[in-house]
Amino acid sequence: MLSTKTLDVLVIGAGQAGLAMGHELKQRDRDFLIIDQHERIGESWRRRFDSLTLFTPRSYSALPGLPVPGDPAGYPTKDEIADYLASYAAHFALPVRTGAGIDKLERVDGVFQATTTDADLIAARTVVVATGAFQMPVIPPMARRLAAGLPQLTTETYRNPEQLPAGTILVAGDGATGRQIARELNGRHTVILATGRSRRVSPHRLLGKSIFWWMDKLGILRLAPDSAIGGFLQRTDPFPGKDLALKRLRKQGITVVGRLAGANGRRVAFADGQTAEIDAVIWATGYRDETAWVAIPEAADERGAFTEQRGVSPVPGLFFIGRSWQTARGSALITGVGHDAVEIAGQVLTALGTNATREPAPAIDSTEAIALAAR
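Quick caveat, the model's predicted, so the values are computed rather than measured.

Caption draft 1: Looking closely at the overall build of the protein. Looking only at helices and strands, the protein features 9 helices and 21 strands. In terms of overall size, the protein behaves like a compact globule, its C-alpha atoms giving a radius of gyration of 21 Å where 375 residues would be expected to give roughly 21 Å. Expressed along its principal axes, the backbone C-alpha trace of the protein runs to roughly 60 × 50 × 35 Å. When each of the 375 residues of the protein is scored for burial, the buried share is 52%.

Have a look at this one:
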């Protein structure tokens, strides 16, 4: 069914990025709708693995205008964040439609037409894609060479150790999530952690303050991706949690090996020459964009990744929010997405022919930030 009016803005996704965008659009009195495929707001958080706790304390896990309940210095669980997002939408009376994803997005005569999964057609002058930085798990082609019937999970489908058979579990990928899962499985299973690029870990707290307090005060959360230290942080991809350092994981009994290089049946080989027989694998090898639903050729590149600069697509009227390093270090974090919402709202208003009235804080690149990040 065709919508009876053309919206100013359609926001696709009701996670933290979409809600931050909605909060900003409501302050600017725009006619907009946020749409999400899940039945409940926050569902993408609820579906993450059971023991997930954020690295950011509650004081740095909030969207603009509403703190996360509880001890500001404590660390919220994924279910707390899910409930917080639902309460955020209710608190600000944001127009959110749940239980309907977007099957197809087109642009016809300068107007976007979004076909929903329940066959509605929504028209909008501008669209903000707020589906986030973690859309589709990457599974390498060698997965097809593993034995038929060997359990293969991703960071999206893993919930807890009870899902896995007894024996040796390979966790392929040693980002923060891969290391957390490997540590959780250790003791119940024999765990092999296949590493990738070199990564740095930092303490949760420094001189009595959260590391995110320091990152905020020194401007690290707002570092631009094209700054010197921003480029360094993108290459090293550090995360807090000294308990996740590879040296500590080895001491706990986890076998840390090189990058996964080959697979045949139940036997896998690693770049450092080691081999092993495994009973299951968890792919923690990153994410990619899901772009097939966007029927606008200029919206994605030849690799199937969305094309944007600071959240602005080459397609007139199409914008993004919540992407990794969209404008700064904090763009994909709850604590940083509100900053980007201000900037994108200004771009949206410009596209609508309305002057923007608020300006985001500038990106910072300071010698103090460089010194802290290099530790």
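Still to come is the rest of the account.
Caption draft 2: Structural view of the nonpolar core. Membership of the largest hydrophobic core comes to 51 residues, with the highest contact counts inside it found for L19, L63, V128 and L185. Other than its neighbours up to four places away in sequence, L185 contacts Y158, P161, L164, I169, V171, V191 and I282. I102, F112, A114 and V294 belong to the second-largest nonpolar core, a separate cluster that totals 22 residues.

Caption draft 3: Highlighting the packing of helix α1 (residues 16-27) against helix α3 (residues 78-91). Packing of α1 against α3 leaves a shortest axis separation of 11 Å and a crossing angle of 20°. Between α1 and α3, the angle falls in the class roughly parallel. Crossing geometry of α1 relative to α3 is assigned as left-handed. For the pair α1 and α3, contact is made by Q16, L19 and H23 and by L85, Y88 and A89, respectively.

Caption draft 4: Structural context of the sheet that holds strand β8 (residues 152-154). Spatial strand order, β8-β19-β9-β10-β15: 5 strands in an open sheet with parallel pairing. Strands at the two margins of the open sheet, each flanked by one partner only, are β8 and β15 (255-257). For this sheet, the mean angle separating the axes of adjacent strands, direction not counted, is 20°. Examined bridge by bridge, β8 and strand β19 (residues 280-283) share 3 bridges and lie parallel to one another. Residue Q152 lies in a different strand from β19, and its bridge partner there is V281.

Caption draft 5: Looking closely at the pattern of salt bridges. Under the definition given, this model contains 23 salt bridges. The residue E43 makes a salt bridge to R40 at a minimum N-O spacing of 3.0 Å. According to the relative accessible area criterion, E43 is buried, its value standing at 12%. According to the relative accessible area criterion, R40 is partly exposed, its value standing at 45%. A salt bridge links E343 to R310, with the shortest nitrogen-to-oxygen separation between them at 2.9 Å. Of the two residues, E343 is situated in helix α8 (residues 334-351) and R310 in the loop between β20 (287-288) and β21 (318-320); the sequence distance between them amounts to 33 residues. Look at E343 and you get buried, because its relative accessible area is 13%. Taking relative accessible area as the criterion, R310 reaches 36% and is therefore assigned partly exposed. Ionic contacts of the salt-bridge type, sharing partners, join the residues R40, E43, R46, R47 and D83 into one network.

Caption draft 6: Looking closely at helix α6 (residues 228-236). Burial in α6 covers these residues: I229, G230, G231, F232, L233 and T236. A positive backbone phi angle near 50° is found at D237, which sits one or two residues after α6.

Caption draft 7: Just the sheet that holds strand β18 (residues 275-277), in detail. If you walk across this open sheet you meet the 3 strands as β16-β17-β18, and the pairing is antiparallel. Bordering the open sheet on either side are β16 (260-264) and β18, each of which pairs with just one other strand. Within this sheet the neighbouring strands show an average axis-to-axis angle of 20°, counted without direction. Direction of pairing for strand β17 (residues 267-270) relative to β18: antiparallel, over a ladder of 3 bridges. Within β18, the position partnered with R267 by the bridge is E277.

Caption draft 8: Here's a closer look at the environment of A124. Relative to the elements of secondary structure, A124 occurs in strand β6 (residues 121-129). Each C-alpha atom of the pair A124 and F112 lies 5.2 Å from the other, and the pair is 12 residues apart in sequence.

Caption draft 9: Seen up close, a positive patch on the surface. Judged by side-chain charge, R200, K242, K247, R248 and K251 come together as a positively charged surface patch. Within the secondary structure, K247 sits in helix α7 (residues 246-251).

Caption draft 10: A look at the environment of G22. For G22, the location among the structural elements is in helix α1. A C-alpha to C-alpha distance of 9.6 Å links G22 and V9, two positions 13 residues apart in sequence. Leave out the neighbours within four places in its chain, and G22 touches F32, I34 and L94.

Calculation notes
Residues numbered from 1 in each chain as written. Predicted model: local features only at pLDDT ≥ 70, side-chain atom pairs only at ≥ 80, totals over all residues. Heavy atoms only, no water. Helix = DSSP H or I, 4+ residues; strand = E, 2+ residues; numbered from the N terminus. Rg over C-alpha atoms; globule rule 2.2 N^0.38 Å. Buried < 20%, exposed > 50% of the residue type's maximum accessible area, 1.4 Å probe, protein only. Core = buried A, V, L, I, M, F, W, Y, C linked by side-chain atoms within 4.5 Å. Contact = heavy atoms within 4.5 Å. Axes fitted to C-alpha atoms, helices over the stretch in contact; angles between N-to-C directions. Parallel < 35°, antiparallel > 145°, perpendicular 65-115°, else oblique. Left-handed = near helix turned anticlockwise from the far one by under 90°. Pairing = 2+ DSSP bridges. Salt bridge = Lys/Arg side-chain N within 4 Å of Asp/Glu carboxyl O. Patch = residues over 30% accessible without salt bridge, like charges linked within 9 Å, V, L, I, M, F, W, Y side chains within 5 Å. Areas by Shrake-Rupley, 256 points an atom, 1.4 Å probe, with all protein chains shown as cover. Lys, Arg positive; Asp, Glu negative; His and termini not counted. Charge placed at Lys NZ, Arg CZ, Asp CG, Glu CD.

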